[in-house]
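Here is what each chain is made of, one letter per residue.
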Amino acid sequence: MGYLSQKKRLSREAFLLMFSLYATGIYTILSLFFKVGFFRDSLFHVYLLELILLLYSLSLKKVLHAGFFAFFALIGYFQISSAAPIFFHNKLDSSQTVSLIYDFEKIMLTDKKFDTIEGSLIVDNQKSFPFLQVLADINQPIIISVELDKVSAKKRIEELKALTNFIREQDVPTIVIGDFGVPAWSAEMRRFMENTGLSVKNSLVFSKKGCKFCYLSSPRFYVLGFNNVGINKLKVNDSISQIKILLGIKSI
């Protein structure tokens, strides 16, 4: 490579690193203060970008740049992991397991050994959340199916509030499964989990109805439960019409 070509390449690399450093730095700072919109939805993707830029900086032996990207990625990691597991499900060793299928509309139990009671949580005149209560020996959890992907932010807040009130009235373990329309680290989801005491049990799932690998979209499918609930297995079917889940539940 000639001198001029090498100089141009180094100049492009320096410009790319500095531009990326300023862009990710500004985003990271703003994401700490703005809890809605782009700054929440893109948090995981920017986190991955920062990891890539970290490795790229190290390959160029730009230690200072690598240090900044590592710092920004660390902030992103803690923002995400404080709301949901990133890579691994929260498993739970328990004698009682419940196998079910979520088909983006309702929950279907595949365990024939349990009887169930079906019901609906009426949100308003036009919408309800189907649920079923599993009549198990140790626990009799209520499992609620939600679909909030195609509602406005205002409507989502109203429906989460109705769901919160319902959960607070129950005296048995409650599990909520579905597409919440926003990532777990969004303001709406954080407020919902704080008000109910529920937490995310599954690692990030980039699937939604009609799309098995939606890696450009924020993860919006979650299984929420109390501390006595874990996920022993989760599988997205190839047809993307169903998600199979094996829950582990301990007595409380």
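Residues numbered from 1 in each chain as written. Predicted model: local features only at pLDDT ≥ 70, side-chain atom pairs only at ≥ 80, totals over all residues. Heavy atoms only, no water.

Engineer: Please give an account of the overall build of the protein that cites residues and values.
Structural biologist: Looking only at helices and strands, one finds six helices and ten strands in the protein. For the protein, the C-alpha atoms occupy an extent of roughly 75 × 35 × 35 Å along the three principal directions. Taken across its 252 residues, the protein has 47% of its residues classed as buried. Within the protein, residue pairs in contact and separated by at least 24 positions form 64% of the contacts whose partners lie at least 6 positions apart. The averaged location of the 21 negative side-chain charges in the protein is 12 Å from the averaged location of its 30 positive side-chain charges. (Helix = DSSP H or I, 4+ residues; strand = E, 2+ residues; numbered from the N terminus. Buried < 20%, exposed > 50% of the residue type's maximum accessible area, 1.4 Å probe, protein only. Contact = heavy atoms within 4.5 Å. Lys, Arg positive; Asp, Glu negative; His and termini not counted. Charge placed at Lys NZ, Arg CZ, Asp CG, Glu CD.)

Engineer: Before we move on, can you summarise the packing of helix H3 (residues 43-59) against helix H4 (residues 63-81) with the specific residues and values?
Structural biologist: The N-to-C vectors of H3 and H4 enclose an angle of 155°; their axes lie 8 Å apart at closest approach. As summarised for this structure, H3 and H4 are arranged roughly antiparallel, according to the angle between their axes. In this structure, H3 meets H4 at a crossing whose hand is left-handed. Judged by residue contacts, Leu 43, Phe 44, Tyr 47, Glu 50, Leu 51, Leu 53, Leu 54, Ser 57 and Leu 58 of H3 engage His 65, Ala 66, Phe 69, Ala 70, Phe 72, Ala 73, Gly 76, Tyr 77, Gln 79 and Ile 80 from H4. Looking at the contact of H3 with H4, its residues break down into 14 nonpolar, four polar and one charged. (Axes fitted to C-alpha atoms, helices over the stretch in contact; angles between N-to-C directions. Parallel < 35°, antiparallel > 145°, perpendicular 65-115°, else oblique. Left-handed = near helix turned anticlockwise from the far one by under 90°. Nonpolar A, V, L, I, M, F, W, Y, C, P; charged D, E, K, R; others polar.)

Engineer: Give me the sheet that holds strand S10 (residues 243-249): which residues, what numbers.
Structural biologist: Pairing between sheet strands relies on hydrogen bonds along the backbone, with the strands arranged either parallel or antiparallel. Pairing is antiparallel across the open sheet formed by four strands, whose spatial order is S2-S1-S10-S9. The open sheet terminates on both sides in strands that have one partner only, identified here as strand S2 (107-109) and strand S9 (229-236). Here the strands of the sheet are splayed against their neighbours by 30° on average, with no regard to which way each runs. (Pairing = 2+ DSSP bridges.)

Geometric descriptors of this kind do not, in isolation, establish any biological role.
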